[in-house]
Amino acid sequence: MTSQAQSLTFRSDDNCQSSFRGKLLTIDSKLEIQDVEGLKFLCRDFVSHKKLEKSNSASDIFDHLLAEELLSEEDPFFLAELLYIIKQNSLLRYLNQSKEQVESLLPTRRRVSLFRNLLYELSESIGSENLKDMIFLQRDSMPKTQLTPLSFLAYLEKQALIDEDNLGLLEDLCRKVVPNLIRKIERYKREKASEVVTPPVDTETESLHQKEEELFSPSDINQFHGALSEANVYRMDRKHRGHCVIVNNHTFAKMPDRPGTDKDAECLSRVFQWLGFSVHVYKNVTKGHLDEVLQEFKCHPDHVDGDCFVFCVLTHGKFGAVYSSDGTLVPIREIMSHFTAQKCPGLAHKPKLFFIQACQGKGIQTPVSIEADAVNPEHVSPSLKDSIPDAADFLLGLATVPGYVSFRHVEKGSWYIQSLCNRLKSLVPRHEDILSILTAVNNDVSQQADKQGTMKQMPQPAYTLRKKLVFPVPQKELLL
């Protein structure tokens, strides 16, 4: 197949309308209500649920995809993928494509996740009687509205009863009602584990490929292993790196100031700009302002084309929570929960990093040049894992282990943030992943001590990352 044949560039077609939007309107006119519902479901990771709920036609969905730059005349592949999934292959001709062309490009250009593909595929195999039985088994947690197989699965996902790493309930329902669907779930697990995505093939084609395996050359095998390695690293080649939010609380209504925190904010801002992020710094943030910031970035349209998201908080705290400038205690988990795949679809399957410079427990009397970021601390030692959402692709970096204080020099900044910035500067150019970098930060901070050598600190990360996170090496030098 020539590259010209594979190209998705939109060309003239005597059998179709001349304009791109005209062709989209033609596609819309040929789709049924159930097709539109399928498109809405498949776009849940890319378009906000509120916008999708208000979409009454395929053209409404196309408008959202155009606005989010997920669809264009020059590159309509995402729509081609969607039509292929809902088995409307005859409509691919309006995009100058064929089923075979889409299949050939899916391994490298697929955008719809394996998980969403699985749910859609399962919905097609759940009959009305099967659905009735499944709803009966889940009756206590089901809404009283009429459900389709697709809306039933969407509801389970919305209620966090299932996700890409938690299919226990779904397996149980299928095992009891439609046992033959278990094989689809098992296939999904195998594909997800290897992160090698291949388009569906029929048995005859599959057998043919198996006979040809012995014809692969050593270079083919090396390329295959290289693809496997790349599949285990988060993608970092979209339109922009992403947003970095820094909440820097220096002055409080009823708590002591935090001198030295501006030094931390300045260093974080410089380093993450160097890494390619759009940095936003907010100083002395009240609880109301924090809610506004969280809402803004939860719904930020740039996430769709970004690689990553970073949120830093520099403030007073106690275990599992941080203080706003007006003295409100905000759970860290509450902050992070705004950015789960369900609430922030644009960041689905992308790494979300949270760095917290705040005490997490018992206060310690310190000399004048060292202060503790604790306010009315308590001696507690619950699991740090309790602070992060039960969802994939999160990393929480805390300045100290649960139950203890973290230290901040009143002029030079905190031990933790200064080490984090220095290690990012030195280890990103060496292609080190983020967990290796945080391990080096742990070592740096553990060797720090006050002037008397009696007070120590140990940071601790918790994470649900599924792959290695390696930042691309910036082309420009970081000016100190």
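Just above sits the structure.
So, a few notes on the structure that sits alongside this text. (Residues numbered from 1 in each chain as written. Predicted model: local features only at pLDDT ≥ 70, side-chain atom pairs only at ≥ 80, totals over all residues. Heavy atoms only, no water.)

1. A word on unusual backbone geometry
Keep in mind that most residues, glycine aside, have a negative phi and that most peptide bonds are trans.
And step 1. The phi torsion at Ala160 lies on the positive side, around 60 degrees, for a residue other than glycine.
And step 2. Inspection of the secondary structure puts Ala160 in the loop between helix H10 (149–158) and helix H11 (168–177).
And step 3. Assessed through its relative accessible area of 54%, Ala160 is described here as exposed.
And step 4. The phi dihedral of Asp393 is positive, around 75 degrees, even though this residue is not glycine.
And step 5. Residue position: Asp393 is located in the loop between strand S8 (370–372) and strand S9 (394–398). (Helix = DSSP H or I, 4+ residues; strand = E, 2+ residues; numbered from the N terminus. Buried < 20%, exposed > 50% of the residue type's maximum accessible area, 1.4 Å probe, protein only.)

2. Section: the sheet that holds strand S1 (residues 240–248)
And step 1. Spatial ordering of the open sheet is given by S2-S1-S3-S7-S9-S12, a layout of 6 strands whose pairing is mixed. At either end of the open sheet lies a strand with only one pairing partner, and these are strand S2 (278–283) and strand S12 (460–463). Pairs of neighbouring strands in the sheet enclose a mean axial angle of 10 degrees, with direction left out of account. (Pairing = 2+ DSSP bridges. Axes fitted to C-alpha atoms, helices over the stretch in contact; angles between N-to-C directions.)

3. Points about the packing of helix H3 (residues 33–42) against helix H5 (residues 58–67)
And step 1. Interaxial distance between H3 and H5 falls to 9 Å at its minimum, and their mutual angle equals 25 degrees. Taken as axis vectors, H3 and H5 run roughly parallel relative to one another. With respect to the hand of their crossing, H3 and H5 are arranged in left-handed fashion. In this structure, H3 uses Val36, Leu39 and Lys40 to contact H5, whose residues at the interface are Ala58, Ile61 and Phe62.
And step 2. When its residues are assigned to classes, the contact of H3 with H5 shows 5 nonpolar, no polar and 1 charged. (Parallel < 35°, antiparallel > 145°, perpendicular 65-115°, else oblique. Left-handed = near helix turned anticlockwise from the far one by under 90°. Contact = heavy atoms within 4.5 Å. Nonpolar A, V, L, I, M, F, W, Y, C, P; charged D, E, K, R; others polar.)

4. With respect to the side chain of Lys352
And step 1. Within the element layout of this structure, Lys352 appears in strand S7 (residues 352–357).
And step 2. No salt bridge forms around the buried Lys352; measuring N to O, its nearest opposite-charge neighbour Asp393 is 4.4 Å away.
And step 3. In terms of polar contacts, Lys352 uses its side chain to reach the backbone carbonyl oxygen of Leu347, at 2.8 Å.
And step 4. Only 2.6 Å separates the side chain of Lys352 from the backbone oxygen of Lys350, close enough to count as a polar contact.
And step 5. Sequence-distant contacts of Lys352, that is, excluding residues within four places in its chain, are made with Phe309, Phe339, Leu347, Ala392, Asp393, Phe394 and Leu395. (Lys, Arg positive; Asp, Glu negative; His and termini not counted. Salt bridge = Lys/Arg side-chain N within 4 Å of Asp/Glu carboxyl O. Polar contact = N/O pair within 3.5 Å; in protein donor to acceptor, adjacent residues only side chain to side chain.)

5. A closer look at the pattern of salt bridges
And step 1. A full pass over the atoms with the stated rule returns 23 salt bridges.
And step 2. Here Glu69 and Lys239 are joined by a salt bridge, their closest N and O atoms 2.4 Å apart. On the criterion of sequence distance, the pair formed by Glu69 in the loop between H5 and helix H6 (77–85) and Lys239 in the loop between helix H14 (218–231) and S1 is long-range, its members being 170 residues apart. Assigned by exposure class, Glu69 and Lys239 land together as exposed.

6. A closer look at the packing of helix H15 (residues 261–274) against helix H18 (residues 415–427)
And step 1. Where H15 contacts H18, the two axes come as close as 9 Å, and the packing angle between them is 20 degrees. Classified by the angle between their axes, H15 and H18 sit roughly parallel to one another. The two elements H15 and H18 cross, and the hand of that crossing is left-handed. Note on element contacts: H18 touches H15 through Ile417, Gln418, Leu420, Cys421, Leu424 and Lys425, opposite Lys263, Asp264, Cys267, Leu268, Val271, Phe272 and Trp274.
And step 2. When grouped by side-chain class, the residues that make up the contact of H15 with H18 number 9 nonpolar, 1 polar and 3 charged.

7. Overview of the nonpolar core
And step 1. Counting 65 residues, the largest nonpolar core has Ile27, Leu65, Leu83, Phe152 and Leu170 as the members making the most contacts within it.
And step 2. The leading source of residues in this core is H6, at 8 residues.
And step 3. Residues within four places of Phe152 in sequence aside, it is in contact with Leu131, Met134, Ile135, Met142, Leu147 and Leu173.
And step 4. Counting residues in hydrophobic clusters, the runner-up holds 38 residues, among them Tyr234, Trp274, Leu275 and Phe355. (Core = buried A, V, L, I, M, F, W, Y, C linked by side-chain atoms within 4.5 Å.)

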